Amino acid sequence: MHKIPKGTALAFDFGEARIGVAQGDAELGLSHPLSTVTGSSNDEKFAAIAKLVEEWQPRYFVVGLPVHTDGTEHEITHLSRKFGRRLHGRFGLPVYWVDERLSSVYAESLLSEAQVFGKKRKSVLDQVAAQAILHGFFEGGAVEIFNGREG
């Protein structure tokens with residue numbers, strides 16, 4: 001179990017085409033879907049993220065770490081780690097990586113409960129997955145921290 005930092009967090013469900021973003025506060029234990037970041041370049045994506053950082057003033061970031069069901073890493077795992085390191089490099093905030101294996105299942109069930117289907121579901125799925133990642137973090141899910149030093 002990890003100590004959950006106080007203050008606002010932005011969470012990310014990283015994907016090469018879309019990055020789901022959620023916002024939450026550990027003290028309240030609440031999180032909500034915020035945005036889906038897209039762009040044709042990393043610069044465009046990070047410009048959109050910078051606007052969210054400016055608006056929400058997070059104290060830290062939470063990034064979903066996708067792994068195979070047996071826990072082994074794959075290409076998207078490495079890209080998610082790289083994304084987290086870039087977040088830290090650009091904004092100077094700590095990054096917590098959270099095992100996201102169940103976040104998509106959780107997101108799908110939340111959207112089904114809310115009766116969100118079809119095109120509307122696709123447009124918010126990444127945001128709700130980011131919300132699930134943040135919820136997992138608040139609940140004490142498996143975590144690694146990156147604050148500028150490896151290890």
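Remember, predicted model here, so these are calculated numbers, not experimental data.

Basis of the calculations
- Residues numbered from 1 in each chain as written.
- Predicted model: local features only at pLDDT ≥ 70, side-chain atom pairs only at ≥ 80, totals over all residues.
- Heavy atoms only, no water.
- Helix = DSSP H or I, 4+ residues; strand = E, 2+ residues; numbered from the N terminus.
- Polar contact = N/O pair within 3.5 Å; in protein donor to acceptor, adjacent residues only side chain to side chain.
- Contact = heavy atoms within 4.5 Å.
- Axes fitted to C-alpha atoms, helices over the stretch in contact; angles between N-to-C directions.
- Parallel < 35°, antiparallel > 145°, perpendicular 65-115°, else oblique.
- Left-handed = near helix turned anticlockwise from the far one by under 90°.
- Buried < 20%, exposed > 50% of the residue type's maximum accessible area, 1.4 Å probe, protein only.
- Pairing = 2+ DSSP bridges.
- Right-handed = clockwise from strand over helix to strand, strands pointing away.

Take the side chain of Thr77 next. By the secondary structure assignment, Thr77 is in helix α2 (residues 75-91). Side-chain polar atoms of Thr77 contact the backbone oxygen of Pro66, separated by 2.4 Å. With near-sequence residues (within four places) excluded, Thr77 lies in contact with Leu65, Pro66 and Val67.

In the contact formed by helix α1 (residues 42-56) and α2, the axes pass within 12 Å of each other and the chain directions differ by 60°. Put simply, α1 runs oblique to α2. Of the two possible hands of crossing, α1 and α2 adopt the one that is right-handed. From α1, Asn42, Asp43, Phe46, Ile49, Ala50 and Val53 reach across to α2, where they touch Phe83, Arg86, Leu87, Arg90 and Phe91.

Turning our attention to the pairing of strand β4 (residues 60-65). The buried count for β4 comes to six of six residues, which makes it a mostly enclosed element. What you see with β4 is no split at all: Tyr60, Val62 and Gly64 on one side and Phe61, Val63 and Leu65 on the other are buried throughout. By the bridge criterion, four bridges tie strand β1 (residues 8-13) to β4 in an arrangement that is parallel. Bridged to Ala9 within β4 is Tyr60. For β4 and strand β5 (residues 95-99), the ladder comprises five bridges, and the chain directions are parallel. Paired with Leu65 across the bridge in β5 is Asp99. In terms of handedness, the path from β4 via α2 over to β5 forms a crossover that is right-handed.

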